[in-house]
Amino acid sequence: MKLNILDFSSRLESQSFEILANSLPDRGTIYKEQNIKCEFSMKKVEDGFELNGHINALIEIECVRCLEKKSISVLPPININIKNEKKHAFKKNNNEVVYLPNTKKDIDLNPILADIIELSKPMNPICKKQCRGLCEICGINKNVISCYCTDSKDTSIWNKLKKLRS
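Since this is a predicted model, take the numbers as computed values, not measurements. (Residues numbered from 1 in each chain as written. Predicted model: local features only at pLDDT ≥ 70, side-chain atom pairs only at ≥ 80, totals over all residues. Heavy atoms only, no water.)

Colleague: Looking at this structure, I do not really get the environment of Cys-127. What am I missing?
Modeller: Relative to the elements of secondary structure, Cys-127 occurs in the loop between α1 (110-119) and α2 (159-165). When its relative accessible area of 17% is taken as the criterion, Cys-127 is described as buried. Once residues within four sequence positions are removed from consideration, Cys-127 is found in contact with Cys-63, Cys-66, Lys-70 and Asn-143. (Helix = DSSP H or I, 4+ residues; strand = E, 2+ residues; numbered from the N terminus. Buried < 20%, exposed > 50% of the residue type's maximum accessible area, 1.4 Å probe, protein only. Contact = heavy atoms within 4.5 Å.)

Colleague: Looking at this model, I keep getting lost on the packing of aromatic side chains. Mind explaining?
Modeller: Here the distance between the centres and the angle between the planes together describe a pair of aromatic rings. Within this structure, the stated rule accounts for one aromatic pair. When the ring of Phe-17 is compared with that of Phe-40, the centres are 5.7 Å apart and the planes differ by 40°; the resulting orientation is tilted. One end of the pair, Phe-17, is in strand β2 (residues 11-20); the other, Phe-40, is in strand β4 (residues 35-45), with 23 residues separating them in the sequence. Its end group placed over the ring of Phe-49, Lys-44 keeps NZ or CZ at 5.0 Å from the ring centre. (Phe/Tyr/Trp six-rings, centres within 6.5 Å; stacked < 30°, edge-to-face > 60°. Lys NZ or Arg CZ within 6 Å of the ring centre and 35° of its normal.)

Colleague: What's the story with the pairing of strand β6 (residues 69-74) in this structure? I'm lost.
Modeller: Working note: regular strand, side chains alternate between the two faces of the sheet. Pairing of strand β5 (residues 48-62) with β6 involves six bridges; the strand directions are antiparallel. Looking across to β6, one finds that Glu-60 is bridged to Ser-71. (Pairing = 2+ DSSP bridges.)

Colleague: Which parts of the structure should I look at to understand the pattern of salt bridges?
Modeller: Opposite charge on two side chains makes pairing possible when the charged atoms of those side chains draw close. Across all of its chains, the model carries five salt bridges by this definition. Two residues, Arg-27 and Asp-115, come together in a salt bridge whose shortest N-O distance is 2.5 Å. One end of the pair, Arg-27, is in the loop between β2 and β3 (30-31); the other, Asp-115, is in helix α1, with 88 residues separating them in the sequence. Take Asp-115: its relative accessible area is 34%, and that puts it in the partly exposed class. (Salt bridge = Lys/Arg side-chain N within 4 Å of Asp/Glu carboxyl O.)

Colleague: Help me out: how do you make sense of the nonpolar core in this one?
Modeller: Side chains that are nonpolar tend, in soluble globular proteins, to be buried together. Ile-36, Phe-40, Ile-55, Leu-109, Leu-113 and Ile-117 are the most contacted members of the largest nonpolar core, which totals 28 residues. Mapped onto this core, the elements with two or more residues apiece are β4, β5, β6, β7 (77-83) and α1. For this core, the element with the highest residue contribution is β5, accounting for six residues. If sequence neighbours within four positions are ignored, Phe-40 has contacts with Met-1, Glu-13, Ser-14, Gln-15, Phe-17, Leu-51, Asn-52, Gly-53, Ile-78, Leu-109 and Leu-113. (Core = buried A, V, L, I, M, F, W, Y, C linked by side-chain atoms within 4.5 Å.)

Colleague: What is the right way to read the pairing of β7 from this model?
Modeller: In terms of burial, β7 is a largely internal element, five of the seven residues being buried. Bridge analysis of β5 against β7 gives seven bridges, and the strand direction is antiparallel. Across the sheet, Gly-53 pairs through a bridge with Ile-78, a residue of β7. Here four bridges tie β7 to strand β8 (residues 96-99), and the two strands are oriented parallel to one another. By the bridge assignment, Asn-81 is partnered in β8 with Val-97.

Colleague: When you look at a nonpolar patch on the surface in this model, what are you seeing that I'm missing?
Modeller: On the surface, a cluster of nonpolar side chains totalling about 510 Å² of accessible area is made up of Ile-157, Trp-158, Leu-161 and Leu-164. Within the secondary structure, Ile-157 sits in the loop between α1 and α2. (Patch = residues over 30% accessible without salt bridge, like charges linked within 9 Å, V, L, I, M, F, W, Y side chains within 5 Å. Areas by Shrake-Rupley, 256 points an atom, 1.4 Å probe, with all protein chains shown as cover.)

Colleague: Would you mind showing me how to read the side chain of Lys-83 here?
Modeller: Among the structural elements, Lys-83 can be located in strand β7. What Lys-83 contacts, discounting residues up to four positions off in sequence, is Asp-47, Val-97, Val-98, Tyr-99 and Leu-100.

Colleague: Can you help me understand the state of the cysteines in this one?
Modeller: A covalent bond between the sulfur atoms of two cysteines is what we call a disulfide. Tallied over the entire structure, the rule returns zero disulfides. Left without a disulfide partner, Cys-131 is nearest to the cysteine sulfur of Cys-127, which lies 3.7 Å away. Just so you know, Cys-149 is unpaired, no disulfide at all, and the nearest cysteine sulfur is the one on Cys-138, 3.6 Å from it. Judged by relative accessible area, Cys-149 falls into the partly exposed class, the value being 32%. (Disulfide = S-S within 2.5 Å.)

Here's what the structure looks like:
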């Protein structure tokens, strides 16, 4: 998605856009819907523009306990400062800063949007709070079927390390 800075006068009120998931660079995210909804507002500030809004994307995650795949909706916020010059080397209000030389009049947001979506994924995704995970002995999904495996303390791989203490 390219934004042309010249198209914006002093302010762009909240406006909805749809971008295609396959137009974003690959960051490892699996999209469950082809269209990603974005809502942006842009205003001119003294040394550039401020872009605010959010993204709404349906992505696929894999549960870290049972390895089942699940679709979740992510709604990460977008706060980007578009600056004309690199004279300001600080982030204001936790906004990302993008530098746009005076010779360029449009900015490609696709890499930025792909990064924001990928970073909004949960670090340890689980399919549900009560997920029982996989059996560590036979490997079946304990959410689907119960197993009768018993954990023998003598077969632990850590027993040899415990003997080093004595």
